[in-house]
Amino acid sequence: MATLYWLGTAAAVSQSGTFTVTAYDAATTYAVIIGGVTVSVVGSGGTTTTVATALTTALNASTHPYFAAITWSSNAAVITGTTDTAGVPFTATSSETGGTGTIGDYAAVTASSGPNDWSTAANWSTGAVPVN
């Protein structure tokens, strides 16, 4: 059996992921939640695109460190969040309340990775994350 060593040599990669506003309703509150902290907007403008734009604006305006460490953008009804510091992960969820509007679950596009990440195989001398 090979001796396993921590190398910590993986390149840092910024995490990114998306939410999609899937149905519009003026009575719906659309939200993104990170670490129990919520940023939300009430449906306005009449389309999924206007809701996504409004929620993106609110996410970028948040001064809470969980949201401020991420750059948010939108394209049509899709909201994308990308970490400002490569190798620093985040976990986000979405929710909607009231009305009939909907927002999809967080979908990872690029996983966070880096020299301080236990689950990155490139950080281990065997090229595999230990399981025991």
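Source: prediction; values computed, not measured.

**Some remarks on the environment of Ala77**
- Within the fold, Ala77 resides in the loop between strand 4 (70-75) and strand 5 (78-83).
- Placed 26 residues apart in sequence, Ala77 and Val51 show a C-alpha to C-alpha distance of 7.5 Å.
- Those residues in contact with Ala77 that lie beyond four places of it in its chain are Phe19, Thr20, Val21, Thr48, Thr49 and Ala52.

**Points about the sheet that holds strand 3 (residues 37-42)**
- The strand order across the open sheet built from 3 strands is 3-2-6, with neighbouring strands paired in antiparallel fashion. Of all the strands in the sheet, the pair left with one neighbour each is strand 3 and strand 6 (92-97). Adjacent strand axes in the sheet meet at a mean angle of 20° when their direction is disregarded.
- As paired strands, strand 2 (residues 29-34) and strand 6 are joined by 6 bridges and run antiparallel to one another. If you follow Ala31 over to strand 6, its bridge partner there is Ser95.
- Packed on one face of the sheet, helix 1 (residues 48-61) meets strand 2 and strand 3 and runs near 140° to strand 3.

**Section: unusual backbone geometry**
- Although it is not a glycine, Ala76 adopts a positive phi angle of roughly 55°.
- With respect to the helices, strands and loops of the structure, Ala76 is situated in the loop between strand 4 and strand 5.

**Some details on the pairing of strand 3**
- Pairing of strand 2 with strand 3, which is carried by 6 bridges, proceeds in the antiparallel orientation. Considered in strand 3, the bridge of Ile34 is made with Val37.
- As consecutive antiparallel partners, strand 2 and strand 3 are separated by 2 residues, and within that stretch Gly35 has a phi angle of approximately 55°, a positive value.

Cut-offs applied
- The numbers attached to residues start from 1 for each chain and follow its sequence in the written order.
- Per-residue local features are limited, in this predicted model, to residues with pLDDT of at least 70; the limit for side-chain atom pairs, both in listing and counting, is 80 or more; totals at the level of whole chains, interfaces and linings are taken over all residues.
- Based on all heavy atoms of the structure, the side-chain values leave hydrogens and waters out of the count.
- By the criteria applied, helices consist of DSSP H or I runs no shorter than four residues and strands consist of E runs no shorter than two, each listed in order from the N terminus.
- Contacts are assigned to residue pairs with any non-hydrogen atoms lying within 4.5 Å of each other.
- In short, DSSP must find at least two bridges between two strands for them to pair.
- All axes here are fitted lines through C-alpha atoms, helices being fitted over the stretch that makes contact, and every angle between N-to-C directions spans 0 to 180 degrees.

Note that all results are geometric; they support no functional claim without further evidence.
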